[in-house]
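# Examining the three-dimensional arrangement
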Amino acid sequence: MSDLNKTHIKSVMSRSGRGVFALALYLLGDKDKAYNTAAIAFAGVMRGVSGLEKEETVVDSVIKAVVEKCRQTKIIATSGALDQDFAALPPFERESLKTVNIALQRLPYEQKALVLLRDQLHLPYRRIAGILNLALANTKIKTNEARIELRDIIKGILDHGR
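Residues numbered from 1 in each chain as written. Predicted model: local features only at pLDDT ≥ 70, side-chain atom pairs only at ≥ 80, totals over all residues. Heavy atoms only, no water.

## Some points on the environment of Ala38
- Counting through the fold element by element, Ala38 comes out in helix 2 (residues 31-47).
- Taking relative accessible area as the criterion, Ala38 reaches 6% and is therefore assigned buried.
- Expressed as a C-alpha distance, the spacing of Ala38 and Ala22, which sit 16 residues apart in the sequence, is 9.1 Å.
- Beyond its immediate chain neighbours, meaning those up to four positions away, Ala38 contacts Val20, Phe21 and Val66. (Helix = DSSP H or I, 4+ residues; strand = E, 2+ residues; numbered from the N terminus. Buried < 20%, exposed > 50% of the residue type's maximum accessible area, 1.4 Å probe, protein only. Contact = heavy atoms within 4.5 Å.)

Shown next as structure tokens:
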């Protein structure tokens, strides 16, 4: 691979790395496992690219690898996994984010992935459909259902403290 291609791949990794790590962290709930999962996904995808692929294609391949690896990992994410990250926030914002994090961890895996890909990484539906191997229409429907389920879980937490 030429130096130009290596430079291109490194720039893709630097621009998308935080988002990919955040996705793995929210799916797994464990920083070390999320870091390892993201690194393995990047390494695996980068071994298979020539460096000439469009950035979107490379990033989607990495995200797909992360989603699959997280699906295979048998971790029970804890709601306290991100407490250190929330510590510097104002109390109201910290509690709101903790509530959303707890609710996300209660979603079934596919729903959690849909919400995070759409609302955290801001990916278009067509890219999400490709990453999760879903039809475009199903992706839109299932994302909406996941958001409704997330809203209901948050409402239950706020109303009943659970």
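Let us keep going from here.
## Side note on the packing of aromatic side chains
- For the coordinates displayed, the defined rule picks out 0 aromatic pairs.
- The ring of Tyr125 has Arg118 lying over it, and the distance from NZ or CZ to the ring centre is 4.0 Å. (Phe/Tyr/Trp six-rings, centres within 6.5 Å; stacked < 30°, edge-to-face > 60°. Lys NZ or Arg CZ within 6 Å of the ring centre and 35° of its normal.)

## Some thoughts on the pattern of salt bridges
- Under the criterion given, the structure shown has 7 salt bridges.
- A salt bridge links Glu110 to Lys142; the nearest nitrogen and oxygen atoms lie 3.2 Å apart. Taken together, the positions of Glu110 in helix 6 (residues 109-120) and Lys142 in helix 8 (residues 136-160) put the pair 32 residues apart, joining distant regions of the chain.
- With a relative accessible area of 31%, Glu110 lands in the partly exposed category. (Salt bridge = Lys/Arg side-chain N within 4 Å of Asp/Glu carboxyl O.)

## A few points about the side chain of Thr139
- Tracing the chain through its elements places Thr139 in helix 8.
- Residue classification places Thr139 among the buried positions, given a relative accessible area of 0%.
- Not counting chain neighbours up to four residues away, the residues in contact with Thr139 comprise Leu114, Tyr125, Ile128, Ala129 and Leu134.

## Some words on unusual backbone geometry
- Notably, His122 is not glycine yet its phi reads approximately 55 degrees, a positive angle.
- By relative accessible area, which is 60% here, His122 ends up exposed.
- Of note, the phi angle at Asn133 is positive, near 55 degrees, even though the residue is not glycine.
- Within the fold, Asn133 resides in the loop between helix 7 (125-132) and helix 8.

## So, the nonpolar core
- With 41 residues, the main nonpolar core has Leu23, Ile63 and Leu117 as its most contacted residues.
- Mapped onto this core, the elements with two or more residues apiece are helix 1 (3-28), helix 2, helix 3 (55-72), helix 5 (91-106), helix 6, helix 7 and helix 8.
- Top element by residues in this core is helix 1. It accounts for 8 residues.
- In this structure, Leu117 is in contact with Leu23, Ile63, His122, Leu123, Ile128, Ile131 and Leu132, ignoring residues within four places of it in sequence. (Core = buried A, V, L, I, M, F, W, Y, C linked by side-chain atoms within 4.5 Å.)

## Considerations on the packing of helix 2 against helix 3
- Here helix 2 crosses helix 3 at 135 degrees, and the two axes come no closer than 9 Å. Relative to helix 3, the element helix 2 is oriented oblique. Considering how the two elements wind past one another, helix 2 and helix 3 form a crossing that is right-handed. Here Thr37, Ala38, Ala41, Phe42, Val45 and Met46 of helix 2 come into contact with helix 3, specifically with Val58, Ser61, Val62, Ala65, Val66, Lys69 and Cys70. (Axes fitted to C-alpha atoms, helices over the stretch in contact; angles between N-to-C directions. Parallel < 35°, antiparallel > 145°, perpendicular 65-115°, else oblique. Left-handed = near helix turned anticlockwise from the far one by under 90°.)

## Let's talk about helix 2
- Taking 1.5 Å of rise per residue, 17 residues should cover 24 Å, and helix 2 covers 24 Å from first to last C-alpha, within 8% of that figure.
- Taken together, the buried positions of helix 2 are Ala34, Thr37, Ala38, Ala41, Phe42, Val45 and Met46. The arc that holds the buried residues of helix 2, viewed along the axis, is 155 degrees, so those residues lie on one side. Residues of helix 2 that are exposed and point more than 90 degrees away from the buried face comprise Asp32, Tyr35, Ile40 and Arg47.
- The N-cap of helix 2, judged by a side-chain oxygen 3.2 Å from the amide nitrogen of Asp32 a few residues on, is Asp30. (Expected span 1.5 Å × (residues − 1). Arc of directions from axis to C-beta. Polar contact = N/O pair within 3.5 Å; in protein donor to acceptor, adjacent residues only side chain to side chain.)

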